[in-house]
Amino acid sequence: VIYSSAYALDKNPELIEATKRGIPCIMYPEVLGAISFGAWSCGIAGVHGKTSTTAICGTILEQLDIPVQVLAGSLVTSFSTNGKKSCAHGSCTLNKGYEYFIAETCEYQRHFMNFHPDQIILSSVESDHQDYYPTYESILDAFVDYCCLLPVGGKLIYCADDTGASETAKFVSIKRPDILLVPYGFTAQGDFSITNYSVQNGMQAFSLKIFANNKDFELFVPGKHNVLNAAACIALVIDLLQKENLNVIQNFSNIHRGLKNFTGSRRRSEIIYDNSPYITIIDDYGHHPTEIQKTLTGLRQFYKDRYIIIDFMSHTYTRTAALLEEFAQSFGAADMVVLNKIYSSAREKYSGTVTGKTLYNKTKAQHFNVVYAPEFDEASIVINKTLTQQTLNSNDKKGFLVVTMGAGDNWKVGTMLCESLKDNIRWSVK
């Protein structure tokens, strides 16, 4: 029986019964570690971006003749069944062979220390999981320790645009000068410096220095953070091509096609309703202030003419309390903010006083249009009223974008809106 850290062997009835019957019970991170031990493995790590980066890697690798297994922590629609896609609740695997293994690896409770990486992609490091890492230094130490698991000559592909990832790389270079550091990003030096960036017609285009800046990649999901994720994936894919003695330049078109095929993953800017140009509803898992700010900024670039409404449910009391000011300041790209009550996690014991109303009061001081709707039915009514009664200036806003965001279950607000919109003549899908 494979189980997550959210369940205790001595409290969960199924685990108690399995133990009684003598069935081995193994934690999920330990299973990942066992699989990674038997292959050349790359761990994808970071406070943000793990799932999207893993999903982009798999979507590109599906176009290449490489025996690889890719495990993402969410459903990835662009993994085709031709690649023997297998999906379970909360995860998706692309199976093309077992010589190489790529998986997202989680920092919570140092779970990634079970992994056996030959290479690591590091997207971001900053304060999070305050119930386990009370300070930035404590989570930074964990990432440094993880990167130091790399073997001699192992590669750390890190985001030069992220302060925490760069700081991690600096400490790794001091402790382990035998590890190769490969930076990527808009500010990076070297092969994976991003150039020629543009956004137009629902597409992001960019080049990488390694291809002499004259070959553009195309990405049809929003946000510069996803361009960064794509650059990291291309760096990894090039290494795998070289390990397989495959020509990188000859495979450029395959890499380009794979990236172009990427349509996102479940709960990562996932479109759940689209009646453009009138209304689009998107659901996103973002639950950290940095994720919120980056995602909304990216959506604003993609949907310049839309009136953006975000419904946000903060995940865990400890995270909300620790990052209260940052949360309050993260909604600037939205025209309207609807806040729900805080989603309580079974893993935390919180004795403070911060509530959803506290976050509302803080956000109201930073944003001109904030509503507190603690329950989902309240939020749905507030948003639906705005969609049906708001008069938009035709020279400014020409439609609506509704974003349900958070690691809780406020995706239900989007479901409620979809149901109500079906009965609304003005917005009905033709």
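Residues numbered from 1 in each chain as written. Predicted model: local features only at pLDDT ≥ 70, side-chain atom pairs only at ≥ 80, totals over all residues. Heavy atoms only, no water.

(A) Layout of the overall build of the chain. Across its full length, the chain holds 13 helices and 19 strands. Taken over C-alpha atoms, the radius of gyration comes to 22 Å for the chain, in line with the 22 Å a tight globule of 430 residues would show. Taken over the C-alpha atoms alone, the chain extends approximately 60 × 60 × 40 Å along its principal axes. Long-range pairs, those at least 24 residues apart, make up 71% of the contacts in the chain between residues at least 6 apart in sequence. Of the roughly 18700 Å² of accessible surface on the chain, 51% is carried by carbon and sulfur atoms. In the chain, the 39 positive side-chain charges and the 43 negative ones have mean positions that sit 3 Å from each other. (Helix = DSSP H or I, 4+ residues; strand = E, 2+ residues; numbered from the N terminus. Rg over C-alpha atoms; globule rule 2.2 N^0.38 Å. Contact = heavy atoms within 4.5 Å. Areas by Shrake-Rupley, 256 points an atom, 1.4 Å probe, with all protein chains shown as cover. Lys, Arg positive; Asp, Glu negative; His and termini not counted. Charge placed at Lys NZ, Arg CZ, Asp CG, Glu CD.)

(B) Up close: the confidence of the model for the chain. Summarising the model, the chain shows a mean pLDDT of 89, and 92% of its residues fall at 70 or more. Scored below 50 in pLDDT, residues 425-430 makes 17 contacts in the model with residues more than four places away or belonging to other chains. (pLDDT = per-residue confidence, 0-100.)

(C) Inspection of the pattern of salt bridges at higher detail. What the rule picks out here adds up to 13 salt bridges. Of the charged contacts, one joins aspartate 239 and lysine 155 as a salt bridge, the two residues approaching to 2.9 Å between their closest N and O atoms. Within this pair, whereas aspartate 239 is found in helix H6 (residues 224-243), its partner lysine 155 is found in strand S9 (residues 155-159), the two being separated by 84 residues in sequence. Across the pair lysine 412 and aspartate 409 runs a salt bridge, and its minimum N-O distance is 3.2 Å. Residue class for lysine 412 comes out partly exposed when judged on its relative accessible area of 33%. (Salt bridge = Lys/Arg side-chain N within 4 Å of Asp/Glu carboxyl O. Buried < 20%, exposed > 50% of the residue type's maximum accessible area, 1.4 Å probe, protein only.)

(D) The state of the cysteines, seen in detail. Following the criterion strictly, the structure yields zero disulfides and no others. Of all cysteine sulfurs in the structure, the one in cysteine 57 sits closest to cysteine 42, which takes part in no disulfide; the separation is 6.7 Å. The thiol of cysteine 233 is unpaired, and the distance to the nearest cysteine sulfur, on cysteine 57, comes to 3.1 Å. Given a relative accessible area of 0%, cysteine 233 falls into the buried group. (Disulfide = S-S within 2.5 Å.)

(E) Here's a closer look at helix H13 (residues 411-422). For H13, spanning twelve residues, the distance from its first C-alpha to its last is 17 Å, which sits close to the expected 16 Å at 1.5 Å a residue. Residues of H13 that are buried include every one of Val413, Gly414, Leu417, Cys418 and Leu421, and no others. Angular distribution of buried residues about the axis of H13 spans 140 degrees; they occupy a single face of the element. (Expected span 1.5 Å × (residues − 1). Arc of directions from axis to C-beta.)

(F) Highlighting the packing of helix H3 (residues 50-61) against H6. Packing of H3 against H6 brings their axes to within 9 Å, and their N-to-C directions diverge by 45 degrees. Judged by the angle between their axes, H3 and H6 are oblique. In this structure, H3 meets H6 at a crossing whose hand is right-handed. Across from Ser52, Thr53, Ile56, Cys57, Ile60 and Leu61 in H3, the residues of H6 making contact are Asn226, Asn229, Ala230, Cys233, Ile234, Leu236, Val237 and Leu240. (Axes fitted to C-alpha atoms, helices over the stretch in contact; angles between N-to-C directions. Parallel < 35°, antiparallel > 145°, perpendicular 65-115°, else oblique. Left-handed = near helix turned anticlockwise from the far one by under 90°.)

(G) Highlighting helix H2 (residues 28-37). Of all the residues in H2, the buried ones are Pro29, Val31, Leu32, Gly33 and Ser36. In the core, the buried residues of H2 are packed alongside strand S1 (2-3), strand S2 (26-27), strand S3 (40-45), strand S4 (68-72) and strand S7 (100-104).

(H) Region of interest: unusual backbone geometry. Its identity is not glycine, yet glutamine 109 carries a phi of approximately 55 degrees, on the positive side. Position of glutamine 109 relative to the elements: it lies in the loop between S7 and strand S8 (119-122). On the basis of relative accessibility, which here comes to 31%, the residue glutamine 109 falls in the partly exposed class. One non-glycine residue, arginine 110, lies in positive phi territory at about 55 degrees. Note on placement: arginine 110 falls in the loop between S7 and S8.

(I) How the structure looks around the environment of proline 24. You can see proline 24 is positioned in the loop between helix H1 (13-20) and S2. Residue proline 24 is classed as exposed on the basis of its relative accessible area of 54%. In this structure the C-alpha to C-alpha distance between proline 24 and isoleucine 2, which are 22 residues apart in sequence, comes to 8.6 Å.

(J) Region of interest: the pairing of S4. Across the five residues that make up S4, a large majority, five, are buried. Here S4 shows no split at all, with Val68, Val70 and Ala72 on one side and Gln69 and Leu71 on the other all buried. Relative to S7, S4 runs parallel, the two sharing four bridges. When the bridges of S7 are listed, valine 68 appears paired with tyrosine 100. (Pairing = 2+ DSSP bridges.)

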